Amino acid sequence: MKQAYPVFIALSGKDYLVYVPDMDIYTEGDSIPDAMEMAKDAIGIKGIDLQDDKKEIPIASDYETAIKKAKEDIDDFDYTQGLLTMVLVDFAEYRKKMDDKMVRKNVTLPSWLNVEADRLNINVSKVLQEALAEKVAQMS
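Calculation rules
Residues numbered from 1 in each chain as written. Predicted model: local features only at pLDDT ≥ 70, side-chain atom pairs only at ≥ 80, totals over all residues. Heavy atoms only, no water. Pairing = 2+ DSSP bridges. Helix = DSSP H or I, 4+ residues; strand = E, 2+ residues; numbered from the N terminus. Core = buried A, V, L, I, M, F, W, Y, C linked by side-chain atoms within 4.5 Å. Buried < 20%, exposed > 50% of the residue type's maximum accessible area, 1.4 Å probe, protein only. Contact = heavy atoms within 4.5 Å. Phe/Tyr/Trp six-rings, centres within 6.5 Å; stacked < 30°, edge-to-face > 60°.

Asks: Lay out the pairing of strand E2 (residues 15–20) with the relevant residues and their values.
Replies: Examined bridge by bridge, strand E1 (residues 2–12) and E2 share five bridges and lie antiparallel to one another. The residue of E2 that forms the bridge with isoleucine 9 is valine 18. Between E1 and E2, which pair antiparallel and follow one another directly, the connecting turn spans two residues, one of which, glycine 13, has a positive phi of 70°. Pairing analysis gives five bridges linking E2 to strand E3 (residues 25–29), with the strands arranged antiparallel. Bridge assignment links leucine 17 to a residue of E3, and that residue is glutamate 28. In textbook terms, the turn of a hairpin is the stretch between consecutive antiparallel strands, and for E2 and E3 this stretch comprises four residues, one of which, aspartate 24, has a positive phi near 55°.

Right, dumping it as structure tokens:
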């Protein structure tokens, strides 16, 4: 699922402060490109955390709604005085990139196939990963 979220980036001293109103996220970067990348990472992390918790990922607001949300939250800093841009996040791709921990699965093979795989020094786990990745890509 891809979403483009409105993101505010405002210079404060030497830092570029970032606010993503739809996700209620604050982060920062050393430059505008770095701030945009930090926003993308923060949105991606929050999105997959929400999915893992079986919660809905918020729908992206339009600019007008984002400005209204940001104006409601100007107690410490007025992000609306900075740049308002959109940051695109592909949550499925982000999960692939960031959630690369290995999960142990048991598999049942016919004995003859296991013997042949061993004889040929075939890494069964790698072959299964490649085949599953291909199958998932075909079905997506």
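Asks: Hey, could you go over the nonpolar core for me, with residue numbers and the actual values?
Replies: Core analysis: the biggest nonpolar cluster contains 16 residues, and Tyr5, Val7, Val18, Val20, Met23, Ile43 and Phe91 have the highest contact counts within it. At the level of secondary structure, the elements contributing two or more residues to this core comprise E1, E2, helix H1 (32–52) and strand E4 (83–90). Sort the elements by how many residues they give to this core and H1 lands first, with five residues. Apart from residues lying up to four places away in sequence, valine 18 is in contact with Val7, Phe8, Ile9, Ile25, Tyr26, Thr27, Glu28, Ala35, Ala39 and Tyr79. Among the nonpolar cores identified, the runner-up in size contains six residues, and Leu17, Ala66, Ala70 and Tyr79 belong to it.

Asks: Kindly report on the packing of aromatic side chains, identifying the contributing residues and their values.
Replies: Under the criterion given, the structure shown has six aromatic pairs. Taken together, a centroid distance of 5.3 Å and an interplanar angle of 35° make the contact between tyrosine 19 and tyrosine 79 tilted. Residue tyrosine 19 is found in strand E2, and its partner tyrosine 79 is found in the loop between helix H2 (63–71) and E4; the two are separated by 60 residues along the sequence. Tyrosine 79 shares its class with tyrosine 19; the two are buried.

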